[in-house]
Amino acid sequence: MKTRVLVGLSGGVDSAVTAALLLKEGYEVFGCWLDIGLGGRREAEKVAAHLGIPLLVGDIREELEREVCAPFAAEYLAGRTPSPCALCNPKVKFPALLRAAQEVGADVIATGHYARIRRDEEGELGLYRGREKNDQVYMLAGLPKAFLPSILFPLGDLEKKQVRQLARDFGLPVADKPDSMEICFVPQGDYAAWIETRGQVPPPGDFVDREGKVLGTHRGIHHYTVGQRRGLGLSAAARLYVSEIRPATNQVVLSWGDQLQAGTVTCESLNLYSPISQGQEVLLRLRHSKIAYPATISLEEGRARFLLKDPARAPTPGQLAVFYAGDRVLGSGWIVKEA
RNA sequence: UGGGGUGUAGCCAAGUGGUAAGGCACGGGACUUUGACUCCCGCAUCCGUUGGUUCGAGUCCAACCAUCCCAG
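Residues numbered from 1 in each chain as written. Chains lettered and ligands numbered in written order. Predicted model: local features only at pLDDT ≥ 70, side-chain atom pairs only at ≥ 80, totals over all residues. Heavy atoms only, no water.

J.: What should I look at first to understand the pattern of salt bridges in this one?
T.: Between side chains of opposite charge, a pair can form as their charged atoms come close. Here the structure, examined in full by the defined rule, presents 24 salt bridges. The partner of Arg61 in a salt bridge is Asp59, with the nearest N and O atoms 2.8 Å apart. A relative accessible area of 46% means that Arg61 is categorised as partly exposed. Residue class for Asp59 comes out partly exposed when judged on its relative accessible area of 42%. (Salt bridge = Lys/Arg side-chain N within 4 Å of Asp/Glu carboxyl O. Buried < 20%, exposed > 50% of the residue type's maximum accessible area, 1.4 Å probe, protein only.)

Structural data, given as structure tokens:
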């Protein structure tokens, strides 16, 4: 009997190829499109029709608002920089797909993410990075370990180029659709304006230097993130960067680029896949970028502190820190302000 | 009012007779399933104004205007 799998179909290339590959491998495939209230269903329907699979529709508007949108706005107002995709996957997207899978009696779900789930020598399931070129495990590192047995990432061993070629080979109608790169619920890309349309408009305040000297006026703290350079509108002898956001005084602190380096990073709300230990050496990612910093773990109650071998540029409160051993993700945690 | 200084793009600033550096800001692009960073490209037909000298002036001269400082 065929294994039944539910594939999250966004209407994009990756998820379409995911479904096509699973069909080819002999799975019984159900598609599931998640409705966030901003359209896009037609594309998913076209893909499902092309593949000849049923398409379920899951309405996640309520959970998305509660678990992602509201916290997203709140984080900015608190002077932090949220990472909505990394939050949505464990809190909304994957739970919704798992629920839908249960409804149709599917044993597993699959998505078009570039990451891998494998068993190690001891038979333990682990989350692993995808190909260096287009690894997306950062956005998935918040997924509870308990989800892993129910997830397939058929694209994990592939690169984007291959996937586009496969899409053409399969004759998928979305083969040449451009990659999406924005926050799904902020389609125009202007997240600050989006926050303001919710009725929360943080007031302008002072740009200050490290000594507290006022340098200018900022447009509201939600416009800034640590390490940011553009959009400040201030000219100086050299490039100025945001080095700290102080919600209590509504100040945005600016400094030169060389003052953004940090030797330690602290995170909390840890999500672990493997046990970690005091003094353990890991590779640390502080944002969705290619740079991994060698670091040593220092455990404190409920928190992990990382001592970086070389300083890292602008660790940002609110972003996810993901730590690895080789390709294997050991866990993740949310970056907090250093004491 | 007297003495001195300064006036080059949004900001800072090179340039001292040969046909406008650079930095910051800003705009665009690349990169990127978050925010950022980074990289690439663009950005003064014109140098406070008006005259003058010169083959040729931002660069020399004069007057005027503006602004700053010290005298009061």
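Next comes the rest of the account.
J.: Mind showing me how you'd approach the protein's contact with RNA strand B here?
T.: Not every one of the 35 residues close to RNA strand B is listed here, only the nearest: Gln136, Met181, Tyr241, His288 and Gln319. When the atoms of RNA strand B within 4 Å of the protein are sorted by group, sugar and phosphate make up 63%. In this structure, Gly231 approaches RNA strand B through a main-chain N or O atom, which is 3.0 Å from a phosphate oxygen. Along the lines of polarity and charge, the residues of the surface near RNA strand B split into 15 nonpolar, 15 polar and 5 charged. (Near = heavy atom within 4 Å. Polar contact = N/O pair within 3.5 Å; in protein donor to acceptor, adjacent residues only side chain to side chain. Nonpolar A, V, L, I, M, F, W, Y, C, P; charged D, E, K, R; others polar.)

J.: Would you mind showing me how to read the environment of Glu67 here?
T.: Turning to its location among the elements, Glu67 is positioned in helix H3 (residues 61–77). By relative accessible area, Glu67 is classed as partly exposed at 24%. Between the C-alpha atom of Glu67 and that of Asp209, which follows or precedes it by 142 residues, the distance is 35 Å. Filtering out sequence-adjacent residues up to four positions away, Glu67 remains in contact with Leu87, Lys91 and Val92. At 3.5 Å, the side chain of Glu67 forms a polar contact with the side chain of Arg66. (Helix = DSSP H or I, 4+ residues; strand = E, 2+ residues; numbered from the N terminus. Contact = heavy atoms within 4.5 Å.)

J.: How do you make sense of the pairing of strand E3 (residues 55–59) when you look at a structure like this?
T.: In summary, the side chains of a regular strand alternate between the two faces of the sheet. Bridging between strand E2 (residues 28–35) and E3 involves 5 bridges; their strand directions are parallel. Within E3, the residue paired with Asp35 across the bridge is Asp59. Handedness of the E2-helix H2 (residues 41–51)-E3 crossover: right-handed. (Pairing = 2+ DSSP bridges. Right-handed = clockwise from strand over helix to strand, strands pointing away.)

J.: Looking at this structure, how should I read the packing of aromatic side chains?
T.: Here the distance between the centres and the angle between the planes together describe a pair of aromatic rings. Counting across every chain of the model gives 9 aromatic pairs. Relative to Tyr76, the ring of Phe72 lies with its centre 5.4 Å away and its plane at 75°, an arrangement referred to as edge-to-face. Taken together, the positions of Phe72 and Tyr76, both in helix H3 and 4 residues apart, correspond to about one turn of that helix. Across the pair, Tyr76 and Phe72 agree in class, each one buried. Measuring from centroid to centroid gives 6.4 Å for Phe94 and Phe153, while their planes differ by 80°, and the two rings are edge-to-face. Residue Phe94 is located in helix H4 (residues 84–104), and its partner Phe153 is located in the loop between strand E7 (151–152) and helix H5 (160–169); the two are separated by 59 residues in the primary sequence. This pair shows no difference in class: Phe94 is buried, exactly as Phe153 is. Every member of this aromatic cluster is reached through a ring pair, and the members are Phe72, Tyr76, Phe185, Tyr191 and Trp194. (Phe/Tyr/Trp six-rings, centres within 6.5 Å; stacked < 30°, edge-to-face > 60°.)

J.: Sorry, what's going on with unusual backbone geometry here?
T.: Trans peptide bonds make up most of the peptide bonds, and negative phi angles are found at most residues other than glycine. One non-glycine residue, Asn250, adopts positive backbone phi at about 60°. As for its position among the elements, Asn250 is in the loop between strand E10 (240–246) and strand E11 (251–256). Assessed through its relative accessible area of 16%, Asn250 is described here as buried. With a phi close to 55°, Ser269 is a non-glycine residue in the positive phi region.

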